[in-house]
Amino acid sequence: MDRHSPTSRVVLPSGSWASVLDFLCERFPAIGREVWLERMERGAVAVDGIEAHRLAPYRPGAVVTYRREVPDEPRIPFEETIVHIDDDLVVADKPHFLPVMPAGRHVEETLSVRLVRRLGNPDLVALHRLDRATAGLVVFSARPSSRDAYTRLFRERAIAKTYEAVAAPMPGRVFPFVHESRLERGEPFFRMREVPGTPNSRTRIEVIERGERYWRYRLEPVTGRKHQLRVHMAALGAPILGDTVYSELREEAPGFAEPLCLLARQLRFIDPLTGNERVFRSDRACSPL
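Here's a quick rundown of the structure.

What counts, and where the lines are drawn
Residues numbered from 1 in each chain as written. Predicted model: local features only at pLDDT ≥ 70, side-chain atom pairs only at ≥ 80, totals over all residues. Heavy atoms only, no water. Buried < 20%, exposed > 50% of the residue type's maximum accessible area, 1.4 Å probe, protein only. Helix = DSSP H or I, 4+ residues; strand = E, 2+ residues; numbered from the N terminus. Pairing = 2+ DSSP bridges. Salt bridge = Lys/Arg side-chain N within 4 Å of Asp/Glu carboxyl O. Phe/Tyr/Trp six-rings, centres within 6.5 Å; stacked < 30°, edge-to-face > 60°. Axes fitted to C-alpha atoms, helices over the stretch in contact; angles between N-to-C directions. Parallel < 35°, antiparallel > 145°, perpendicular 65-115°, else oblique. Left-handed = near helix turned anticlockwise from the far one by under 90°. Contact = heavy atoms within 4.5 Å. Nonpolar A, V, L, I, M, F, W, Y, C, P; charged D, E, K, R; others polar. Core = buried A, V, L, I, M, F, W, Y, C linked by side-chain atoms within 4.5 Å.

The next subject is the pairing of strand S8 (residues 135-141). For S8, the tally of buried residues reaches 7 of 7 residues, placing the bulk of the element in the interior. Sheet topology places strand S6 (residues 89-94) next to S8; 6 bridges connect them, and they run antiparallel. Bridged to Asp 93 within S8 is Leu 137. With 2 bridges connecting them, strand S7 (residues 125-126) and S8 associate as antiparallel partners. Bridging across to S8, Val 125 finds its partner in Ser 141. The sheet contact formed by S8 and strand S14 (residues 262-270) spans 2 bridges and is parallel. If you follow Ala 135 over to S14, its bridge partner there is Leu 263.

Okay, the pairing of strand S9 (residues 160-167) next. Where burial is concerned, most of S9 is hidden: 6 out of the 8 residues are buried. Note: S9 against S14, 6 bridges, orientation antiparallel. Note on S14: the bridge partner recorded for Lys 161 is Leu 267. Bridge count between S9 and strand S13 (residues 215-221): 5 bridges; the pairing is antiparallel.

With that settled, consider the pattern of salt bridges. Summed over all chains, the structure comprises 24 salt bridges. Of the charged contacts, one joins Glu 206 and Arg 204 as a salt bridge, the two residues approaching to 2.7 Å between their closest N and O atoms. A relative accessible area of 27% means that Arg 204 is categorised as partly exposed. Salt-bridge contacts for Arg 218 lead to Glu 206; the nearest nitrogen and oxygen are separated by 3.5 Å.

Throughout the structure, instances matching the rule amount to 10 aromatic pairs. Between Phe 78 and Phe 97 the ring centres are 5.8 Å apart and the planes differ by 25 degrees, which places this aromatic pair in the stacked class. Taken as a pair, Phe 78 in the loop between strand S4 (63-67) and strand S5 (81-85) and Phe 97 in the loop between S6 and helix H3 (111-119) lie far apart in primary sequence, 19 residues in all. We classify Phe 78 as partly exposed; its relative accessible area is 30%. On the accessibility criterion, Phe 97 (13% relative accessible area) is buried. An aromatic cluster is present here, built from Phe 175, Phe 177, Trp 215 and Tyr 217 joined pairwise through their rings.

Let us look at the packing of helix H1 (residues 20-27) against helix H2 (residues 33-41). With their axes 10 Å apart at the nearest point, H1 and H2 run at an angle of 135 degrees to one another. Classified by the interaxial angle, the pair formed by H1 and H2 is oblique. The way H1 lies across H2 gives a crossing that is right-handed. Residue-level contacts link Val 20, Leu 21, Asp 22, Leu 24 and Cys 25 of H1 to Arg 33, Trp 36, Leu 37 and Met 40 of H2. In terms of residue class, the contact of H1 with H2 is built from 7 nonpolar, no polar and 2 charged.

Here we take up H3. Of all the positions in H3, only Leu 111, Ser 112, Val 113, Arg 114, Leu 115 and Val 116 are classed as buried. Among the structural elements, S5, S6 and S8 are those in contact with the buried residues of H3. Looking one or two residues past H3, Gly 120 carries a phi angle of roughly 65 degrees, positive in sign.

Moving on: the nonpolar core. Counting 40 residues, the largest nonpolar core has Phe 140, Ile 205, Tyr 217, Leu 219 and Met 233 as its most contacted members. Contributing elements (two or more residues each) for this core: S6, H3, S8, S9, strand S12 (201-210), S13, helix H5 (228-235) and S14. In terms of residue count, S9 provides more of this core than any other element does, 4 residues in total. Sequence-distant contacts of Met 233, that is, excluding residues within four places in its chain, are made with Ala 167, Met 170, Ile 205, Tyr 217, Leu 219, Ala 238, Pro 239 and Ile 240. With 18 residues, the next largest nonpolar core counts Val 10, Val 20, Leu 21 and Trp 36 among its residues.

Our focus in this paragraph is the side chain of Asp 243. Within the fold, Asp 243 resides in the loop between H5 and S14. Relative accessible area serves as the criterion here: at 0%, Asp 243 is assigned to the buried category.

This is the structure in structure tokens:
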């Protein structure tokens, strides 16, 4: 099995299947038996680390790993850049439209898989995520021995994150200001919404540049709720340009024509290993006004 390929892991439950193949076919009915056979023939399925053959017997408790594959996965025609690399961290500058992690129909065309292949390091793990629609900085742990120290920074919100966004003007506001609200899951399932109640999300907002039709904003999330910046800007009457989820005025453009004008511009933190301040900045252009 390709050590740089994204894999999934299943612990075999108690059951009466005759073979691993029979279990996989029943567990994943959307994948045909002939597909599993083909994967086994080329070593893409393993049981307890040993390549599985078509007659591999079923053993409850065994660990099955298999390569995640999407037939005819389309190429995302934008490239990431590496902002920083050392023994412990890799900081990448992600383009719009590229997911960070494999999910659904995106496997090979994700930032994590691209970087694992590019750097030849299967230990790379993203310490946080950006939406597929958002561009900018993503931090990866490069080795397990120091991973927990850096994971703790994100868990304890010890990293100052600065975003830039282009959106409609808010002429009635005095800047900077903090918008806070309570966010909960909405409908459909991938949307968030503001609801009454104790705030659980806060964003500091200020203006960088004022244009005739749009303004450029600096957004600093104090909390890290899903879609927080997009929901807050839409709630303020200034949905981010290119947002097709939280703006009722926009429909999704075909292909890659209209990216979301949201960029993770800067990350700042005190390195837990050295005690030194580290600042990383994206050089990508946020949409012109």
